[in-house]
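Here's the letter readout for the chains.
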Amino acid sequence: MARIRSTTVLLVTRNGQTAMAGDGQVTLGETVIKSNARKVRRISNGKILAGFAGSTADAFSLLTRFETKLEQFQGQLERAAIELSKDWRTDKYLRNLEALLIVADGTDAFLISGKGDVISSDDGLLSVGSGSMYALAAARA
């Protein structure tokens, strides 16, 4: 049986507490070339958690842009997420980036995609990456 190698970042909000974790795995094709990458970061002076999956360079570009949006909109998470999503969808350079972001503060959490999606969770769970459906199923169980 083939071994499944999937990138995953999972956010869980429960009883007013939010946690985000990533697997740290970096693959090149079918080969795991690194197992301890930091895919979850604290940004905005530690007030916001951000996790990413996809191309590493693309994800860092988006993370940098998101931090700029946070500064521009005085730390308003939802507004910054929506503005990044609009830019991502319409900007010729950003449109080609292949990554997904999950961002969260003490009250809100959003999944941001390059298709213009800004998705909040109904059940306190969000995940990105090729292993995200496995992580969501395990978290719901």
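Colleague: Before we go on, may I ask you to explain the environment of N36 in this structure?
Modeller: Mapped onto the fold, N36 is located in the loop between strand 4 (31-34) and strand 5 (40-43). Among the residues examined, N36 registers a relative accessible area of 58% and is labelled exposed. The spacing of N36 and G24 is twelve residues in sequence and 4.5 Å in space, taken between C-alpha atoms.

Colleague: Quick question: what am I supposed to make of the pairing of strand 6 (residues 48-54) here?
Modeller: Most of strand 6 is tucked away: six of the seven residues are buried. Where strand 5 and strand 6 come together, four bridges link them in antiparallel fashion. Of the residues in strand 6, the one forming a bridge with R41 is A50. Hairpin connection, strand 5 to strand 6: the antiparallel pair is bridged by four residues, and S44 has positive phi, about 55°. Pairing geometry for strand 6 and strand 7 (residues 99-104), over six bridges, is antiparallel.

Colleague: Looking at this structure, how should I read unusual backbone geometry?
Modeller: Only a minority of non-glycine residues have a phi that is not negative, and only a minority of peptide bonds are not trans. A positive phi is found at S44, a non-glycine position, where the angle reads about 55°. With respect to the helices and strands, S44 occurs in the loop between strand 5 and strand 6.

Colleague: What is the right way to read the side chain of D58 from this model?
Modeller: Tracing the backbone through its elements, the reader meets D58 in helix 1 (residues 56-72). Among buried charged residues, D58 stands out as having no salt bridge; its nearest opposite-charge side chain is R65, 11 Å away. In this structure D58 touches N96, L97, E98 and A99, once residues within four positions along its chain are discounted.

Colleague: Where do I start with the sheet that holds strand 1 (residues 9-14) in this structure?
Modeller: Read from one edge to the other, the open sheet built from three strands follows the order 2-1-10, with strand pairing classed as antiparallel. Only two strands of the sheet have a single partner each, and these edge strands are strand 2 (17-22) and strand 10 (125-128). Recorded for the sheet is a direction-independent mean angle of 10° between the axes of neighbouring strands. Inspection of the sheet shows strand 1 paired to strand 2 by six bridges, in the antiparallel sense.

Colleague: Would you explain the sheet that holds strand 9 (residues 118-119) in this entry?
Modeller: As a general point, the strands of a sheet are linked pairwise by backbone hydrogen bonds and lie either parallel or antiparallel. Reading across the sheet, the five strands line up as 5-6-7-8-9 and stay open at both edges, with antiparallel pairing between neighbours. The outermost strands of the open sheet, each flanked by one partner alone, are strand 5 and strand 9. Lying on the sheet, helix 2 (residues 77-90) is in contact with strand 6, strand 7, strand 8 (109-112) and strand 9; it crosses strand 8 at an angle near 5°.

Criteria and thresholds
- Residues numbered from 1 in each chain as written.
- Predicted model: local features only at pLDDT ≥ 70, side-chain atom pairs only at ≥ 80, totals over all residues.
- Heavy atoms only, no water.
- Helix = DSSP H or I, 4+ residues; strand = E, 2+ residues; numbered from the N terminus.
- Buried < 20%, exposed > 50% of the residue type's maximum accessible area, 1.4 Å probe, protein only.
- Pairing = 2+ DSSP bridges.
- Lys, Arg positive; Asp, Glu negative; His and termini not counted.
- Salt bridge = Lys/Arg side-chain N within 4 Å of Asp/Glu carboxyl O.
- Contact = heavy atoms within 4.5 Å.
- Axes fitted to C-alpha atoms, helices over the stretch in contact; angles between N-to-C directions.

Without other data, these values stay purely geometric and don't point to any function.
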